[in-house]
Amino acid sequence: MTTELYIDGQFCAPAAGGSFPAIDPATEQEFAQVAAGQAEDIDRAVRAARKAFDSGVWSGLPAAARAATLRRIAQGIRDRVDEIAALETRDNGKPLPEARWDIEDAAFCFDYYAGLAEAAEARGDTPVDVGDARFESRIRREPVGVVGAITPWNFPMLMAVWKVAPALAAGCTIVLKPSELCSMSCVELARVIDAAGVPAGVFNLVTGTGPEAGAPLTDHPLLDKIAFTGSVPTGRKVMRAASQGIRTVSLELGGKSPFIIFADCDVEKAVEWILFGIFWNKGEVCSATSRILVERSLYPRLLDRLKQATEAITIGAGDEPGVKLGPIVAKSQYDKILGFLDRAKTSGARIVTGGGRPKGFDKGYYIAPTVYADVPLDAEIWREEIFGPVVSVNPFDTEAEAIALANDSPYGLAGAVMSDDLARCYRVAVKLRAGIIWINCSQPTFTQAPWGGFKSSGIGRELGQAGYDSYLETKQITRFDHRQSWGWYLDAEASQ
Ligand code: NDP
């Protein structure tokens, strides 16, 4: 089976033909061929999106009509949740229950932004008092225009929907380029969108590689905005491309998020959230809490329990019942993680458990869940995003030291703190330089709350009202009371 592109309301092959394999990371076997779109296909898709936007076929609809279509998309996803979740697991390797969460969240995201579009239209323009009674001024929000969206492989459908749903709700048109490593669920998203009756050209999908499809998309002169999720080096290239056309850009990049654990907390609860914070989705999570800071009096006991609980994690193919840790997405990412583990051997860090391929697995890109302790603060595993099931744990003595260590990173996507003392938790939350702070948990993510980072973790926010607003331009409309005279040239002349 070879997938197709979706351009201007039609499923089609790339102009130059060509495809690449979709690989199941649990078996290392190819299970489909993915259409390899290139610059010519991107150009056709962007032109279709431009034409659809400029015609007003979508942006000119009342919000209620757009919202009704978005709700049909939500229902279309829900109707196929089992099938799409199974495909996501096969493509990415994540455990099936986690894939189901993603797909259900994707459906909810369309419903949520349908509601925000209706609420925005009901509110209407916002009046502004300009301090001069001869003027009436108002602020109007309008769709930003044609959006180019480039998304990663860790939550393949959900990361796309975090962009597609608010963009469509706001009245934009969009060209989506998913990661070449996991494109399959986005092809299904295109089918659902097509079946929901979205007008031709409003949503377009071009699968392909970063250099051959992603770069031509970011360079395209007819785009108004680029929305990107991925690595810092690619984010830098995307921003450079956006600067050529002075286009709006939103970047959701990586992280090396800290989790501060105070000695007054329950060890079982701390271990549960440490495990979820780093081993959920195999640690392929931009907000993973991969640096753990534990108050010294709890440190030995916590490490013992963490080792025991980590070694009890069930590893296997994502579709096997009870599995909590699937294979790494692809050989390239697997080799990258093994490189980190290899270099860690001489870093001075103490290995607590894991550190390579788990026993009994001779096929599939499996990495044992790995814990390091007493990690030097300049070690690569403490400073750099690994994007795998690898966590580093260090002790601290004071609250101030914990905050300083937590903030000592170029990243600022997320952070977490755990203590029975809620006043202390909020005090720490305020001092952490990151866009998302969890108290007494790590990772729960809500469509209604803004998502994005400080520092090198990115620019802008997705989700929530902020995620909707990021697909809008702001326009002021100011009216002068024409019964009055302005009196600068003509009236001034008359009075001379
Ligand atoms: P990339 O940043 O390379 O890829 C993200 C997206 O950008 C993909 O769709 C990719 O396509 C595309 N892309 C690649 N090169 C270009 C380009 N020159 N112009 C435009 N688009 C491009 O991330 P990777 O998938 O390689 O992952 C590498 C690392 O990035 C991970 O180890 C992790 O650290 C981080 N990452 C962070 C994520 C997050 O959520 N913040 C998500 C994923 C990764 P293609 O896949 O075809 O290369």
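Placed above this text is the structure.
Residues numbered from 1 in each chain as written. Predicted model: local features only at pLDDT ≥ 70, side-chain atom pairs only at ≥ 80, totals over all residues. Heavy atoms only, no water.

Turning our eyes to something else, we now look at the sheet that holds strand β14 (residues 350–353). Spatially, β14-β15-β16-β13-β12-β18-β19 is the arrangement adopted by the 7 strands of the open sheet, whose pairing is mixed. In this open sheet, the two strands that pair with only one neighbour each are β14 and β19 (436–439). Taken over all neighbouring pairs, the strand axes of this sheet differ in orientation by 25° on average, direction set aside. Seen against the sheet, helix α13 (residues 399–407) touches β12 (257–261), β13 (289–295) and β16 (390–396) and runs at an angle of roughly 165° to β13. (Pairing = 2+ DSSP bridges. Helix = DSSP H or I, 4+ residues; strand = E, 2+ residues; numbered from the N terminus. Axes fitted to C-alpha atoms, helices over the stretch in contact; angles between N-to-C directions. Contact = heavy atoms within 4.5 Å.)

On to the pattern of salt bridges. Side chains bearing opposite charge may pair, as long as their charged atoms lie close to each other. All chains considered together, the criterion is met by 31 salt bridges. The partner of Lys 163 in a salt bridge is Glu 462, with the nearest N and O atoms 2.9 Å apart. Note that Lys 163 is positioned in helix α5 (residues 156–170) and Glu 462 in the loop between β21 (458–459) and α15 (464–469), a separation of 299 residues in sequence. The residues Lys 163 and Glu 462 share a single accessibility class, namely buried. One connected set of salt bridges, linked through shared partners, spans Arg 80, Glu 83, Glu 188 and Arg 191. (Salt bridge = Lys/Arg side-chain N within 4 Å of Asp/Glu carboxyl O. Buried < 20%, exposed > 50% of the residue type's maximum accessible area, 1.4 Å probe, protein only.)

This part is about the site of the ligand. In the region of the ligand, 28 residues are neighbours, and Trp 153, Ser 231, Leu 253, Lys 336 and Glu 385 sit closest. Here Gln 333 contributes a side-chain N or O atom positioned 3.4 Å from an oxygen atom of the ligand. Isolated, the ligand exposes 850 Å² of accessible area, and the fraction of that covered by the protein chains is 88%. Within the residue set of the shell around the ligand, elements represented by two or more residues are α7 (210–219), β10 (225–229), α8 (232–244) and α11 (331–344). Among the elements that make up the shell around the ligand, the one with the highest residue count is α7 (3 residues). Grouping the constituent residues of the shell around the ligand by class yields 9 nonpolar, 13 polar and 6 charged. (Near = heavy atom within 4 Å. Polar contact = N/O pair within 3.5 Å; in protein donor to acceptor, adjacent residues only side chain to side chain. Areas by Shrake-Rupley, 256 points an atom, 1.4 Å probe, with all protein chains shown as cover. Nonpolar A, V, L, I, M, F, W, Y, C, P; charged D, E, K, R; others polar.)

Moving on, we get to α8. Since the α-helix packs 3.6 residues into each turn, any two residues three or four apart lie on the same face. With 13 residues, α8 extends 19 Å between its outermost C-alpha atoms, agreeing within 8% with the 18 Å of an ideal straight helix rising 1.5 Å per residue. When we look at burial in α8, the residues that qualify are Val 232, Gly 235, Val 238, Ala 241 and Ala 242. Looking at the buried residues of α8, the elements they touch are α7, β10, β11 (248–252) and β17 (411–412). Taken from the residues just after α8, Ile 246 is the one with a positive phi, measuring 45°. (Expected span 1.5 Å × (residues − 1).)

Paired through their backbone hydrogen bonds, the strands of a sheet run either parallel or antiparallel. On the basis of which strands lie adjacent, the open sheet formed by 3 strands has the order β5-β6-β22 and antiparallel pairing. Both outer strands of the open sheet, β5 (126–128) and β22 (472–480), are each paired with one neighbouring strand and no more. In this sheet, neighbouring strand axes are inclined to one another by 30° on average, regardless of whether the strands run parallel or antiparallel. Pairing between β5 and strand β6 (residues 135–143): 3 bridges, direction antiparallel. Its bridge partner lying in β6, Thr 126 is registered against Ile 139.

With respect to the secondary-structure elements, Thr 173 resides in strand β8 (residues 173–177). When neighbours within four sequence positions are excluded, Thr 173 is seen to be in contact with Ala 49, Arg 50, Ala 52, Phe 53, Gly 145, Val 146, Val 147, Gly 201 and Val 202.

The element β10 is largely enclosed, with a buried count of 5 among its 5 residues. For strand β7 (residues 146–150) and β10, the ladder comprises 4 bridges, and the chain directions are parallel. Paired with Ile 150 across the bridge in β10 is Phe 228. Two strands pair when backbone bridges link them, and β10 and β11 are joined in this way by 5 bridges, in the parallel orientation.

Turning to the state of the cysteines, a few remarks are in order. Tallied over the entire structure, the rule returns 0 disulfides. In this model Cys 172 remains outside any disulfide bridge; the closest cysteine sulfur is found in Cys 109, 14 Å from its own. The structure places no disulfide on Cys 286, whose sulfur is separated from the nearest cysteine sulfur, that of Cys 109, by 15 Å. By relative accessible area, Cys 286 is classed as buried at 11%. (Disulfide = S-S within 2.5 Å.)

Another point: the environment of Ala 167. Note that Ala 167 resides in helix α5. Assessed through its relative accessible area of 0%, Ala 167 is described here as buried. With 18 residues separating them in the primary sequence, Ala 167 and Ala 149 have C-alpha atoms 9.8 Å apart.

What follows covers the environment of Phe 480. Note on placement: Phe 480 falls in strand β22. Looking at Phe 480, the relative accessible area reads 24%, which means it is partly exposed. C-alpha separation for the pair Phe 480 and Ser 347, spaced 133 residues apart in sequence, amounts to 69 Å. Once residues lying within four places of it in the same chain are set aside, the contact partners of Phe 480 are Arg 134, Phe 135, Ser 485 and Trp 486.

According to the stated counting rule, one finds 18 aromatic pairs in the structure shown. When the ring of Tyr 113 is compared with that of Tyr 468, the centres are 6.4 Å apart and the planes differ by 15°; the resulting orientation is stacked. With Tyr 113 in helix α4 (residues 96–123) and Tyr 468 in helix α15, this residue pair connects regions lying 355 residues apart in the sequence. Accessibility assignment for this pair places Tyr 113 and Tyr 468 in one class, buried. When the ring of Phe 155 is compared with that of Trp 280, the centres are 5.4 Å apart and the planes differ by 45°; the resulting orientation is tilted. Of the two residues, Phe 155 is situated in the loop between β7 and α5 and Trp 280 in the loop between α9 (267–279) and β13; the sequence distance between them amounts to 125 residues. Residues Phe 155 and Trp 280 agree in their burial class; the two are buried. An aromatic cluster of at least three residues, connected via ring pairs, comprises Trp 101, Phe 155, Trp 273, Phe 276 and Trp 280. Lying across the ring of Phe 11, Arg 191 places its NZ or CZ 5.5 Å from the centre. (Phe/Tyr/Trp six-rings, centres within 6.5 Å; stacked < 30°, edge-to-face > 60°. Lys NZ or Arg CZ within 6 Å of the ring centre and 35° of its normal.)

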